[in-house]
Amino acid sequence: MSRFVVLLLPVVSAVILASDPRSPSERVDRRPSIGDAVPISFGDLTPRVGDVVNGSRLYRTHCAPCHGISGRGDGPASDYLYPRPANHTDSTYMASRDDRSLFTAIRKGGPGVDRSSLMPRFDDRFRDSEVYDLIAYIRSLHRDAASIFGEGVAAMRHSTVLEPVGPRVDFLTDARGRAAVVSDERAIVLSPDGIVERVDPPVDAAIVEPLVDQLRRALLQEQRDVDDAKRIYTMYRTSPDSLAPVQRRFVKSCAACHGMTGRVVGPGVQSTTFVAANLADGTRMNARPDEFVRNVVALGGTWARISDVMPGYEHTVSGAELDELVTYVRSLAIPPHPASNRLDRGCSRR
Ligand code: HEC
Ligand code: HEC
């Protein structure tokens, strides 16, 4: 597992540091409109075409109860689901999912792409062509990675909470070191050296500047995180006793997915098939009771019906160590957990 982490670090740094200035992309927004026939990309396979109109019809019937008619993840059943149904208008998230993984998610359900089993499998409900129609419709709800970075460029999603108070910045990076903040209204792309490369559609500097500023701070913070990760890993290898036992446990058992520092950085925690939680995201984690955190770590993501990828540690980690891990996870939160010094000893195992 630790070898896995080492292998990833150079990739992470390469993504963040790569300095390969390209000429500004001249792509226009390829966002399809209703009625278009939309090419679906399966990489090596023959290109398919999906019919957005038929896709929207199928979506209304089969998907809208959970994902909502507009695809925002706010259908009538969504209040009863955790995790919430995916928001198909979230351009940053959806740009990180390729068409193949959408196909698998629809065919095999959430577990097919290491997501929650609350996303049902529609194995024999649809013909292949109907799944392409659904994908075409989903793609019409947001910008895809190709419209932001160009055809065939792999994009990675980041979600960083800015220290010390914790606004979250969601952004994408590509393999050439470009970074982008994306919303349904616009995309702002920075070149590898941090210069604004494209604002699409063009808009007032007063709107662009604060977003660019946030993105630059998030990139710097992730760079610091990579440095921290390297430092922790070096200590782990050369003088493990200089780390607290709970930190050693975290590096050994959790870092491959959650990052050395528990914050989300790079492909170790984000693959095309799963996104590990950013444990430092206080806006998310502080709402979780200690008992929930302890049970997720003890019993795994299936217990909470979050991702099946999150393993359970009740057979490998002692009860005392579990308590320490909960305290440790609490201590990472930005903004800080209100009671991070106090572990609720009364919390029970299910
Ligand atoms: C019973 C509720 C429910 C229904 C019905 C449903 N979904 Fe989902 N879907 C979910 C939930 C919950 C998630 C989030 C899973 C997660 O994040 O672990 C999800 C996630 C997804 C994802 C994202 C998977 C990923 O890669 O993150 C896609 C794509 C998707 N659904 C497509 C569809 C389509 C298309 C339909 C209709 C044919 C549909 N869903 C019907 C609940 C539902
Ligand atoms: C194989 C990858 C993997 C490993 C190893 C792993 N996790 Fe996770 N973890 C995940 C994924 C994936 C999720 C779910 C993320 C989501 O659905 O948003 C998760 C979720 C969690 C959550 C819940 C977050 C929330 O939103 O409530 C906690 C807490 C957590 N992990 C702690 C740990 C700890 C502590 C360890 C080590 C003892 C660990 N994880 C090891 C992948 C992993």
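Residues numbered from 1 in each chain as written. Chains lettered and ligands numbered in written order. Predicted model: local features only at pLDDT ≥ 70, side-chain atom pairs only at ≥ 80, totals over all residues.

A. How the structure looks around the overall build of the chain. Of regular secondary structure, the chain possesses 13 helices and seven strands. Sequence separation of 24 or more characterises 58% of the internal contacts of the chain that already satisfy a separation of 6 or more. (Helix = DSSP H or I, 4+ residues; strand = E, 2+ residues; numbered from the N terminus. Contact = placed C-beta atoms within 7 Å.)

B. Highlighting the site of ligand 1. The environment of ligand 1 is formed by 25 residues, the closest being Cys63, Cys66, Arg115, Ser116 and Met119. At four residues, helix H5 (residues 99-108) tops the list of elements feeding residues into the shell around ligand 1. Residue classes in the shell around ligand 1 are distributed as 17 nonpolar, six polar and two charged. (Near = placed C-beta within 6 Å. Nonpolar A, V, L, I, M, F, W, Y, C, P; charged D, E, K, R; others polar.)

C. Structural view of the environment of Pro83. Looking at the secondary structure, you find Pro83 in the loop between helix H3 (64-67) and helix H4 (91-95). For the pair Pro83 and Leu118, spaced 35 residues apart in sequence, the C-alpha separation works out to 8.0 Å.

D. Examining helix H12 (residues 290-299) more closely. Of the positions making up H12, those classed as buried are Asp290, Val293, Arg294, Asn295, Val296 and Val297. The secondary structure elements touched by the buried residues of H12 are helix H13 (319-331). Looking at the residues trailing H12, positive phi occurs at Gly300, about 90°. (Buried ≥ 20, exposed ≤ 12 C-beta atoms within 10 Å, placed from the backbone.)

E. Inspection of the site of ligand 2 at higher detail. Every one of the 25 residues lining ligand 2 counts as a neighbour, but Cys254, Cys257, Ala277, Ser307 and Met310 are closest to it. For the shell around ligand 2, the class distribution of residues is 19 nonpolar, four polar and two charged.

F. Spatial organisation of the packing of H5 against helix H6 (residues 128-140). With their axes 10 Å apart at the nearest point, H5 and H6 run at an angle of 120° to one another. Relative to H6, H5 is oriented oblique. Crossing handedness for the pair H5 and H6: right-handed. Residues Asp99, Leu102, Phe103, Ile106 and Arg107 of H5 pack against Val131, Leu134, Ile135 and Ile138 of H6. Residue classes in the contact of H5 with H6 are distributed as seven nonpolar, no polar and two charged. (Axes fitted to C-alpha atoms, helices over the stretch in contact; angles between N-to-C directions. Parallel < 35°, antiparallel > 145°, perpendicular 65-115°, else oblique. Left-handed = near helix turned anticlockwise from the far one by under 90°.)

G. Summary view of the packing of helix H2 (residues 52-62) against H6. As a packed pair, H2 and H6 sit with axes 7 Å apart at the nearest point and diverge in direction by 95°. When the interaxial angle is binned, H2 and H6 end up roughly perpendicular. Contacts from Val52, Asn54, Gly55, Ser56, Leu58 and Tyr59 in H2 reach Glu130, Asp133, Leu134, Ala136, Tyr137 and Ser140 in H6. Of the residues assigned to the contact of H2 with H6, the class counts are six nonpolar, four polar and two charged.

H. Main features of the sheet that holds strand S5 (residues 179-182). What the five strands build is an open sheet, ordered S3-S4-S5-S6-S7; its pairing is antiparallel. Two strands in the sheet have a free side with no partner beyond their single neighbour: strand S3 (155-161) and strand S7 (196-200). For this sheet, the mean inter-axis angle between neighbouring strands, taken without regard to orientation, is 25°. As defined by bridge partners, strand S6 (residues 187-190) adjoins S7 across four bridges and the pair is classed as antiparallel. (Pairing = 2+ DSSP bridges.)

I. Main features of the confidence of the model for the chain. Mean pLDDT over the chain works out to 80, with 80% of the residues at or above the 70 mark. Taking the mean pLDDT of every element in the chain, the minimum, 37, falls on helix H1 (residues 2-17) and the maximum, 96, on H13. The model gives residues 1-35 a pLDDT under 50, and that stretch makes 69 contacts with residues more than four places away or in other chains. Taken together, the stretch residues 341-350 has pLDDT below 50 and engages in 12 contacts with residues farther than four places along the chain or on a different chain. (pLDDT = per-residue confidence, 0-100.)

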